[in-house]
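Structural features, examined
Spelled out from the first residue to the last, the chains are:
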2 protein chains.
Amino acid sequence: MAAHFRKLALIGIGLIGSSIALAARRQGLVDVISIATRRQETLDEGHELGLGDIYTLDPAEAVRGADLVILCAPVGTYDALARAIKPALEPGAILSDVGSVKEHVVKVVGPHVPSGVSFIPGHPIAGTEHSGPSAGFAELFAGRWCVLTPVPGVPEEHTEKLADFWRAMGSSVECMDAAHHDMVLAITSHIPHLIAYNIVGTVADLEDATQSEVIKFSASGFRDFTRIAASDPVMWRDIFLTNRDAVLEMLGRFSEDLSVLQRAVRTGDGASLEAMFTRTRAIRRSIINAGQETPRADFGRPVVAPPPPETNVVREHGGGDDA
Amino acid sequence: MAAHFRKLALIGIGLIGSSIALAARRQGLVDVISIATRRQETLDEGHELGLGDIYTLDPAEAVRGADLVILCAPVGTYDALARAIKPALEPGAILSDVGSVKEHVVKVVGPHVPSGVSFIPGHPIAGTEHSGPSAGFAELFAGRWCVLTPVPGVPEEHTEKLADFWRAMGSSVECMDAAHHDMVLAITSHIPHLIAYNIVGTVADLEDATQSEVIKFSASGFRDFTRIAASDPVMWRDIFLTNRDAVLEMLGRFSEDLSVLQRAVRTGDGASLEAMFTRTRAIRRSIINAGQETPRADFGRPVVAPPPPETNVVREHGGGDDA
């Protein structure tokens, strides 16, 4: 079944919601897009960007007559949203979302889904560290995976239609159990973010003078962590509140492994260190081979041009940048 | 004093050594480049790439008549190298290096530096995750910082000349005490690498099926860590063996902070989580403003093109990528 919807309702219009609006429009997947946001300011921004056709602060209004509804707001708002849209959902509509946790979504939204509405929670494994309606772009989902966790009883053709929607925006699709999703994403996403937030927080606690040096010399490794530690604080607060058990489980494993590494450093066990570091190189190669990472050096960061050869710097004796 | 040297000797021709060779040549900073490596294979590779003028497996031969000598080999080899080149170093020559630790270098090489030779250990804060002679490029040092830690007694004009050499290759230069360098770099570089190695190692320990899912869904955060965890295992083994105290100190702080974060997750303390995550966003902004990071989303990773709008995927009922 080709993926075409009459009316797509986007509840929330941040990075993901705005990217869906742009991609769905570009790929000709929808006739009408209705957008609901919590704040007028965000709605105005979406309107200025021309992301939709209908703009409203009332989620029920956005949802009325929609055959595809996607929740793109922080998962902490889902309970209230599910209650608000319940009376407006059409029989035969597909209700989905893009949240980074799935068991919580099933638990919180599920009870409010009317019979006849197909509830297929989803999670596009895509994003940048930027937020808001102006951060979106139509190519965000291309080459990425999207996970769907349909609840029992959803007609298979509806799951396939939603899957085709995501494929038409460039994603590959995989269906799985919500609990399994949360465990895998704890490893691939939630713990990496927690660790990045932690190490950047450790730096933020340093004395000012040291912190300014750390910033200056951040190209030596630290800067790689700061990108995901610049991710939306509310979104991430909600993820850790709602995927607690899987996160704590993986954090436990991380900490055990860190103790082993610490011991190797403390005891000067060079052989173990070298063996550990050799093993990890292969993982990156696998990710590149799976098409989930650029093969370019340094993530493909732009290269700075050096000064032209003529401008050899001549300095007086005793001068310099810093001493 | 303009930075021009008659003969540059590079001991080691990996990513950094080869980049110095290319940049120094392009900027017209040297007349002759001699290269020494440990293995014939590497020497041949350097020769094929046309990195130098003289190629030898004997460091003393490379160093003879050189007015600038830069050690670009793993710091674990420095003791043997220092002894080997001592009889060949010219009075008035500058001896430097590019190692990621400085106190160890001062301690190990210092005793073998003849009087009349200026020993100015250095560390260009630049690199990629790639290794070897073919990984180098002339722009590597542009826009980056280079730290110099001259030992007491080195004439200031020699430090300035070496600083100008690095400036001509595009770097800013800062001089500091070797111990201070090691402490700051423990934060900006060594701990980030240790943490990245650890988290990638935790994944490498997972069962195969889970590991293949982690790789598939690695664009959700994990892949950012895998780059620096793909760094040269020997180089990093040596760093942790030689900067042990500073690394253990910073690791202690990291672990304390992680326990606080773990508690906030365990107790569902959303307010603390949100506050912590808000604070860290500002650090990335500072790094970008300091010119040490690209402002582009996602490190400037290349964007994948989505399928053209005509190829809406039509699937038969029940088909799909994975179920």
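Residues numbered from 1 in each chain as written. Chains lettered and ligands numbered in written order. Predicted model: local features only at pLDDT ≥ 70, side-chain atom pairs only at ≥ 80, totals over all residues. Heavy atoms only, no water.

Our next topic: the packing of helix α11 (residues 244-266) of chain A against helix α7 (residues 178-204) of chain B. The relative placement of two packed helices comes down to the angle between their axes together with the axis-to-axis distance. Between α11(A) and α7(B), the shortest axis-to-axis distance is 9 Å and the interhelical angle comes to 125°. One finds that α11(A) runs oblique with respect to α7(B). In this structure, α11(A) meets α7(B) at a crossing whose hand is right-handed. Along the contact surface, α11(A) presents A:Met250, A:Arg253, A:Phe254, A:Asp257, A:Leu258, A:Leu261 and A:Val265, while α7(B) presents B:Leu194, B:Ile195, B:Asn198, B:Ile199 and B:Thr202. (Axes fitted to C-alpha atoms, helices over the stretch in contact; angles between N-to-C directions. Helix = DSSP H or I, 4+ residues; strand = E, 2+ residues; numbered from the N terminus. Parallel < 35°, antiparallel > 145°, perpendicular 65-115°, else oblique. Left-handed = near helix turned anticlockwise from the far one by under 90°. Contact = heavy atoms within 4.5 Å.)

Quick look at the sheet that holds strand β6 (residues 118-119) of chain A now. In a beta sheet, neighbouring strands pair by backbone hydrogen bonds and run either parallel or antiparallel. Residue and element names in this part refer to chain A. Within the open sheet, the six strands sit side by side as β3-β2-β1-β4-β5-β6. Their pairing is parallel. Unpaired on one side and paired on the other, β3 (54-56) and β6 mark the two borders of the sheet. Bridge count between strand β2 (residues 30-36) and β3: three bridges; the pairing is parallel. For alanine 36, the partnering residue across the bridge sits in β3 and is threonine 56. Across the sheet, helix α1 (residues 15-26) touches β1 (5-11), β2 and β4 (68-71), and the angle it forms with β1 is around 165°. (Pairing = 2+ DSSP bridges.)

Attention shifts here to unusual backbone geometry. A positive phi is found at A:Asp298, a non-glycine position, where the angle reads about 60°. Among the secondary structure elements, A:Asp298 is positioned in the segment after α12 (270-289). On the accessibility criterion, A:Asp298 (11% relative accessible area) is buried. The backbone phi angle of B:Phe299 is positive, close to 65°, even though this residue is not glycine. As for its placement among the helices and strands, B:Phe299 is situated in the segment after α12 (270-289). A relative accessible area of 0% means that B:Phe299 is categorised as buried. (Buried < 20%, exposed > 50% of the residue type's maximum accessible area, 1.4 Å probe, protein only.)

The end-to-end C-alpha distance of α11(A) is 32 Å, a good match for the 33 Å that 23 residues give at a rise of 1.5 Å each. All of the buried residues along α11(A) are A:Ala246, A:Val247, A:Met250, A:Leu251, A:Phe254, A:Leu258, A:Leu261, A:Ala264 and A:Val265. On its buried face, α11(A) sits against α7 (178-204), α10 (233-242) and α12 of chain A together with α7, α10 (233-242) and α11 (244-266) of chain B. (Expected span 1.5 Å × (residues − 1).)

Time to look at the packing of α7(B) against α10(B). All names here are of chain B. Where α7 contacts α10, the two axes come as close as 11 Å, and the packing angle between them is 120°. Of the possible angle classes, the one that applies to α7 and α10 is oblique. Handedness of the crossing formed by α7 with α10: left-handed. Taken together, the residues of α10 that come into contact with α7 (itself represented by Ser189, His190, His193, Leu194 and Tyr197) are Trp236, Ile239 and Phe240. Its residues placed into classes, the contact of α7 with α10 shows five nonpolar, three polar and no charged. (Nonpolar A, V, L, I, M, F, W, Y, C, P; charged D, E, K, R; others polar.)

Moving on, we come to the domain arrangement of chain A. Residues and elements named next belong to chain A. Along its sequence, chain A is carved into domain 1 (5-177 + 302-311) and domain 2 (181-289). Between domain 1 and domain 2, the C-alpha centre-to-centre distance is 29 Å. In total, about 1,200 Å² of surface goes out of reach between domain 1 and domain 2, with carbon and sulfur atoms giving 61% of it. For domain 1, the biggest contributors to the area lost against domain 2 are Ser100, Val101 and Glu129; these three give 42% of the whole. (Domains from an automatic or database assignment. Buried area = accessible area lost by both parts, 1.4 Å probe.)

Tallying each qualifying case throughout the model produces two cavities of 30 Å³ or more. When its volume is computed, the largest cavity comes out at roughly 50 Å³. In this structure, the largest cavity is lined by A:Ile199, A:Thr202, A:Val203, B:Ile187, B:Ile191, B:Met250 and B:Phe254. Contributing elements (two or more residues each) for the lining of the largest cavity: α7 of chain A together with α7 and α11 of chain B. Considering each element in turn, the lining of the largest cavity owes the most residues, three residues, to α7(A). (1 Å grid on protein atoms, 1.4 Å probe; cavity = no way out; pocket = protein on both sides within 12 Å on 5 of 7 lines; lining within 4 Å. Points joined across faces, edges and corners; volume = space filled by probe spheres on them.)

The subject of this paragraph is the packing of aromatic side chains. Counted under the stated rule, the structure contains 16 aromatic pairs over all chains. The ring of A:Phe299 has B:Arg227 lying over it, and the distance from NZ or CZ to the ring centre is 5.2 Å. (Phe/Tyr/Trp six-rings, centres within 6.5 Å; stacked < 30°, edge-to-face > 60°. Lys NZ or Arg CZ within 6 Å of the ring centre and 35° of its normal.)

Residues and elements named next belong to chain A. Mean pLDDT over chain A stands at 92; residues scoring 70 or higher make up 95%. In this model residues 312-323 is a low-confidence stretch, pLDDT under 50, and it forms 31 contacts with partners more than four residues away in sequence or in other chains. This prediction of the complex comes with two scores: 0.86 for pTM and 0.86 for ipTM. (pLDDT = per-residue confidence, 0-100.)

Residue and element names in this part refer to chain B. For helix α1 (residues 15-26), with twelve residues, the first-to-last C-alpha span of 16 Å sits near the 16 Å given by 1.5 Å per residue. Judged by how many residues are buried, α1 sits mostly within the fold: nine of twelve residues are covered. A positive backbone phi angle near 65° is found at glycine 28, which sits one or two residues after α1.

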